[in-house]
Amino acid sequence: MIMKTSLKKLFRTALILLATGRLYAQHSYLETEWVVQSPEISNAIYHSSSIVDQGKLIVTGNYDDGGDVDVITVKYASNGDTLWVKTQSGSLSEGADYGVDVKVNSSGHVIVLAAVKNTSTLYDYAVYHYNGSTGALNWSYTWNGSGGLNDIPTTLQLDSYGNIYVTGGSESSGGFSNFGTIKLSPSGSLQKNSYYDYA
C-alpha cells in the first residue's frame, strides 16, 4: 500500500514537472528591440556581412539601384536609427557589385571588403576605408590580379598595427583559380601580394 501511494505521488510529481516544462518551453525569452527595413535589394543577395561595434550595427551587402547592383554599407545606432549609408560600384555599368566583409579598426574606422565588376578586368578586390563617425570615405583600393580576370575576395582581417589582409580567389590567365592574398597599409597602399596554386 505504501509502495502504491509512493508511486502515485511520484507519478503526479512527474506530470506536474512535465506540464511545467512544456509551459516554460513554449515561453519566448526573446524581445525585439527594433526592426529596420533595408533599401530594395536585388533579385539575388550575393553576400552580406555585419559587425557590432560599441552597440552599433554595421552591415554591408548589395542593393538594386534601378538595374545596377551596387555595394551598400549601413551603420545603425543602438536604437535602430540609421547613422549613415554609403554605396560603391565598379566601372562596369549595371555590373553586380557586392559587399563581402566588414571590420572596425582600433580607431573606430570601418573597413569594407567588396567584389566590384570593372569594365576591362571583370571582378576585382575592393577595399573601402570609412570614417566610423561620419561615413566619409578616407580612401579606397582596388586590386586586379596578375591574370587580369576574375578576382573574388572572401575575407578581410586586420592586425594590431592596422594593416589590412584580404584573401580570395584569383583567376590566372589560363582560366584556373588560385588563392590570392594582399596586404595593405593602414593608409591603403599595397605592401605585398602573393599567390598559392593548390593544383
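Below, the structure is looked at part by part. (Residues numbered from 1 in each chain as written. Predicted model: local features only at pLDDT ≥ 70, side-chain atom pairs only at ≥ 80, totals over all residues. Heavy atoms only, no water.)

## Notes on the layout of surface pockets
Estimates place the volume of the second largest pocket at around 150 Å³. In terms of lining, the second largest pocket is formed by 13 residues, of which the most central are Asp53, Gln54, Lys75, Gly108 and Ser133. Of the residues assigned to the lining of the second largest pocket, the class counts are 1 nonpolar, 9 polar and 3 charged. (1 Å grid on protein atoms, 1.4 Å probe; cavity = no way out; pocket = protein on both sides within 12 Å on 5 of 7 lines; lining within 4 Å. Points joined across faces, edges and corners; volume = space filled by probe spheres on them. Nonpolar A, V, L, I, M, F, W, Y, C, P; charged D, E, K, R; others polar.)

## Some thoughts on the pairing of strand β6 (residues 110-118)
Burial analysis of β6 places 8 of its 9 residues in the buried class, the great majority of the element. One ladder, built from 6 bridges, connects strand β5 (residues 98-104) with β6; its direction is antiparallel. The partner of Asp101 across the bridge, within β6, is Leu113. Linking β5 to β6, which pair antiparallel, is a turn of 5 residues; within it Gly108 sits at a positive phi near 85 degrees. Two elements, β6 and strand β7 (residues 122-130), share 9 bridges in a ladder whose sense is antiparallel. In the sheet register, Leu113 faces β7, and the bridge partner there is Val127. (Buried < 20%, exposed > 50% of the residue type's maximum accessible area, 1.4 Å probe, protein only. Helix = DSSP H or I, 4+ residues; strand = E, 2+ residues; numbered from the N terminus. Pairing = 2+ DSSP bridges.)

## Re the nonpolar core
Judged by nonpolar contacts, the single largest core of 18 residues is most densely connected at Val127, Ile164, Val166, Ile182 and Leu184. For this core, the elements supplying multiple residues, two or more each, are β5, β6, β7, β8 (137-143), β10 (164-171) and β11 (177-184). Within the second largest apolar cluster, 12 residues are counted, among which are Ile58, Val110, Val116 and Ala126. (Core = buried A, V, L, I, M, F, W, Y, C linked by side-chain atoms within 4.5 Å.)

## Some details on the sheet that holds β7
Spatially, the 4 strands line up as an open sheet ordered β5-β6-β7-β8, and their pairing is antiparallel. On the outer flanks of this sheet lie β5 and β8, each paired with one strand and no other. On average, each strand axis in the sheet is tilted by 20 degrees relative to the strand beside it, whichever way the strands run. Of the strand pairs in this sheet, β7 and β8 are connected by 6 bridges, and their pairing is antiparallel. Directly across from Ala126, in β8, lies its bridge partner Thr142. (Axes fitted to C-alpha atoms, helices over the stretch in contact; angles between N-to-C directions.)

## Observations regarding the packing of aromatic side chains
Tallied over the entire structure, the rule returns 6 aromatic pairs. Ring geometry for Phe179 and Tyr196: centres 6.1 Å apart, planes at 20 degrees, overall stacked. Of this pair, Phe179 sits in strand β11 while Tyr196 is found in strand β12 (residues 190-196), placing the two residues 17 residues apart along the sequence. The exposure class of Phe179 is partly exposed, given its relative accessible area of 41%. Ring-pair connections join several aromatic residues into one group, and the members of that group are Trp84, Tyr128 and Tyr130. (Phe/Tyr/Trp six-rings, centres within 6.5 Å; stacked < 30°, edge-to-face > 60°.)

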